[in-house]
Amino acid sequence: EAAVTQSPRNKVTVTGGNVTLSCRQTNSHNYMYWYRQDTGHGLRLIHYSYGAGNLQIGDVPDGYKATRTTQEDFFLLLELASPSQTSLYFCASSDLDRNTGQLYFGEGSKLTVL
Amino acid sequence: AQSVTQPDARVTVSEGASLQLRCKYSYFGTPYLFWYVQYPRQGLQLLLKYYPGDPVVQGVNGFEAEFSKSNSSFHLRKASVHWSDWAVYFCAVSMDTNAYKVIFGKGTHLHVLP
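Residues numbered from 1 in each chain as written. Chains lettered and ligands numbered in written order. Predicted model: local features only at pLDDT ≥ 70, side-chain atom pairs only at ≥ 80, totals over all residues. Heavy atoms only, no water.

Draft legend 1. How the structure looks around the layout of surface pockets. The volume enclosed by the largest pocket comes to roughly 690 Å³. Of all the elements in the fold, those that place two or more residues in the lining of the largest pocket are strand E4 (31-38), strand E9 (87-94) and strand E11 (109-113) of chain A together with strand E10 (87-95) and strand E12 (108-113) of chain B. Among the residues making up the lining of the largest pocket, the classes are represented as 11 nonpolar, 14 polar and seven charged. (1 Å grid on protein atoms, 1.4 Å probe; cavity = no way out; pocket = protein on both sides within 12 Å on 5 of 7 lines; lining within 4 Å. Points joined across faces, edges and corners; volume = space filled by probe spheres on them. Helix = DSSP H or I, 4+ residues; strand = E, 2+ residues; numbered from the N terminus. Nonpolar A, V, L, I, M, F, W, Y, C, P; charged D, E, K, R; others polar.)

Given below as structure tokens:
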């Protein structure tokens, strides 16, 4: 069974704060993604990666950095958090060789920026 | 550019009634289509997926969806809704040429009345 684990599950910070969201997958998948979910917008892609050291820009990248340190680990970085980044963040992984387009999601990380 | 439209932000049905959730996609190539479900306070889980082939796809928990190229649609159906189906349902599309990029609709909230 595919497994994607996110931490922390809940985070509260202040405007200008520094936040790191972590994601680990144990599926041996090559692709990993960070999405944000907001009412009225559905899921929007922030960044994605197809392997360690690789980073690709998604559809809403402004204000976010990301780093893929290993095949398993993908981090989302908010260096100067703003209230507009209050959202529910999902990490996902996929293996295009076997499951074209199918994503395996983590449980989500709820971020509140005061 | 490809897109996904879920025209109904909210659908309310009585338990035991039939259900159809609508999804329209825009893409001129061969789409891969998905329905995901998000139960309260959880991540997204795959309900079913369409890869080119039989247009009617069976999923988990009695759900099925039908692909229509002529209508650019991928509607989700269930013959008899259960209270546990209360959730948010997302339609998604990826492209045959760039399967790593998955585009989501804004989601449909399904409310089930007793």
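Draft legend 2. Broad picture of a nonpolar patch on the surface. Residues Val12, Val14 and Leu114 of chain A make up a contiguous nonpolar surface patch of about 310 Å² in total accessible area. Counting through the fold element by element, Val14 of chain A comes out in the loop between strand E2 (10-13) and strand E3 (19-25). (Patch = residues over 30% accessible without salt bridge, like charges linked within 9 Å, V, L, I, M, F, W, Y side chains within 5 Å. Areas by Shrake-Rupley, 256 points an atom, 1.4 Å probe, with all protein chains shown as cover. Salt bridge = Lys/Arg side-chain N within 4 Å of Asp/Glu carboxyl O.)

Draft legend 3. Summary view of the environment of His109 of chain B. Residues and elements named next belong to chain B. On the secondary structure map, His109 appears in strand E12. The class for His109 is partly exposed, based on a relative accessible area of 40%. The spatial distance from the C-alpha of His109 to the C-alpha of Pro40 is 11 Å, given a sequence separation of 69 residues. Ignoring sequence-local partners within four residues, the contact set of His109 consists of Ala9, Arg10, Val11, Ala87 and Val88. (Buried < 20%, exposed > 50% of the residue type's maximum accessible area, 1.4 Å probe, protein only. Contact = heavy atoms within 4.5 Å.)

Draft legend 4. Focus on the side chain of His47 of chain A. Residues and elements named next belong to chain A. Turning to its location among the elements, His47 is positioned in strand E5 (residues 42-49). Residue classification places His47 among the buried positions, given a relative accessible area of 4%. One polar contact links the side chain of His47 to the main-chain carbonyl oxygen of Tyr64, over a distance of 3.1 Å. (Polar contact = N/O pair within 3.5 Å; in protein donor to acceptor, adjacent residues only side chain to side chain.)

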